[in-house]
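Read off the chains here:
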Amino acid sequence: MHDKPDETIGALIEEFLTARATRKPSPHTLAAYRRDLTAVAELIAADGDATPLPLDRLAVSALSPRVMRAAFARFAAPRAAASVHRAWSTWNSFFTFLVAEGVVPGNPMPAVGRPRTPIPRPKPLRGEDTPEELLAAVARAEGRQRDPWPERDLAVLALALCAGLRLSELLALRVSSVAGRDGERRVDVEGKGGRPRTVPIEDSVDRVLAGYLDSRRLRFGARSVRPDSPFLVDRHGEALRRGGLQYLVESCYRRAGIGDRVPRGARLHALRHTFATRLAEDGASAAEIMRLLGHASLASSQTYIEVTAGQQRAAVAANRTNRALSGLAPRR
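Just so we're clear, the structure is a prediction, and the values are computed from it rather than from any experiment.

So what about the pattern of salt bridges? Which residues, and what values?
Enumeration over the complete set of coordinates arrives at 15 salt bridges. The shortest N-O distance in the salt bridge between Arg-207 and Asp-203 comes to 2.8 Å. Residue Arg-207 and its partner Asp-203 are located together in helix 8 (residues 203–220), separated by four residues, close to a single helical turn. Under the relative-accessibility criterion, Arg-207 is labelled buried at 5%. Looking at Asp-203, the relative accessible area reads 46%, which means it is partly exposed. Among the charged side chains, a salt-bridge network with shared partners connects Arg-152, Asp-153 and Arg-255.

Give me the lowdown on helix 6 (residues 150–163), citing residues and values where you can.
For helix 6, spanning 14 residues, the distance from its first C-alpha to its last is 19 Å, which sits close to the expected 20 Å at 1.5 Å a residue. For helix 6, the buried fraction is high: 13 of the 14 residues fall into the buried class. Just downstream of helix 6 lies Gly-164, where phi reads positive at about 70°.

I'd love a proper account of the environment of Asp-188, names of residues and values included.
Inspection of the secondary structure assignment puts Asp-188 in strand 2 (residues 186–190). Using a relative accessible area of 29% as the deciding quantity, one classes Asp-188 as partly exposed. Once the C-alpha coordinates of Asp-188 and Glu-169 are considered, the two residues, 19 residues apart in sequence, prove to be 9.8 Å apart. Setting aside residues no more than four positions away along its own chain, Asp-188 makes contact with Leu-173, Ser-177, Ala-179, Arg-197 and Thr-198. Side-chain polar atoms of Asp-188 contact the side chain of Arg-186, separated by 3.0 Å.

Each value, and the rule that gives it
Residues numbered from 1 in each chain as written. Predicted model: local features only at pLDDT ≥ 70, side-chain atom pairs only at ≥ 80, totals over all residues. Heavy atoms only, no water. Salt bridge = Lys/Arg side-chain N within 4 Å of Asp/Glu carboxyl O. Helix = DSSP H or I, 4+ residues; strand = E, 2+ residues; numbered from the N terminus. Buried < 20%, exposed > 50% of the residue type's maximum accessible area, 1.4 Å probe, protein only. Expected span 1.5 Å × (residues − 1). Contact = heavy atoms within 4.5 Å. Polar contact = N/O pair within 3.5 Å; in protein donor to acceptor, adjacent residues only side chain to side chain.

Okay, structure coming up:
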């Protein structure tokens, strides 16, 4: 139990974020928590006054259900339903933490309405042959690039298009994450929420990844590809960061001339959606797709179904994007 049941919101937000940090969320996730908590708390602190009360002076005892409802009504007015839903979930987790710590006697969030958010629709690349065009264009080193590295760029696209990795999952990969015997190669992924999963990869993808690591040895030496090294690096040999990876994918779209076929707001995620869409089109079951993408479920009404490693590998082998990579990667 806390000694000070009337601690300030500013201090408690920092305490909550410190507790969350032990779960190893991405920096992006922690920043989103801070934004949502601070934005609503500042509305409470202002309460119509020209000079709002600083958060380090706003007492937690002020957060009654009535106050939280009014603050969320103001917060929701200019924002999309998904943003309001996310902020509600953040505050619900915050109050759950405060109850567990003995700071407040109960959680007022069940009394605060939240919008229903529809299940997001997939946003794959548009055009039947767009993935193949993208891969072929990126595999060619263009003279216009200041320091072309087609092997690295092709490896990024292969992992997104043929393994369905998220941006954060790509950045978390180590050299040792690509493992397994010949014919049973895989990528070990640290998924969303820290949930690990294994994604089988075909020989074509494996050769693309190996070609990238070979090119990296030539650029930076053998020490640059130690097992614990980041798998993706920039042109200076440093770990690739979020902004750098997003820029890399954008530049790949520009070089391939397919920018108009990338759904707005999807960017790198469009590659993951293309992976899942093609699996479904080529006969993979919902359970296989669910397992490969690292979702708890494809929809809230679906039951999570375990599938065998052999079924997962067969589903990946059916992905026709692998065949496009076969002619682009050198045989080993």
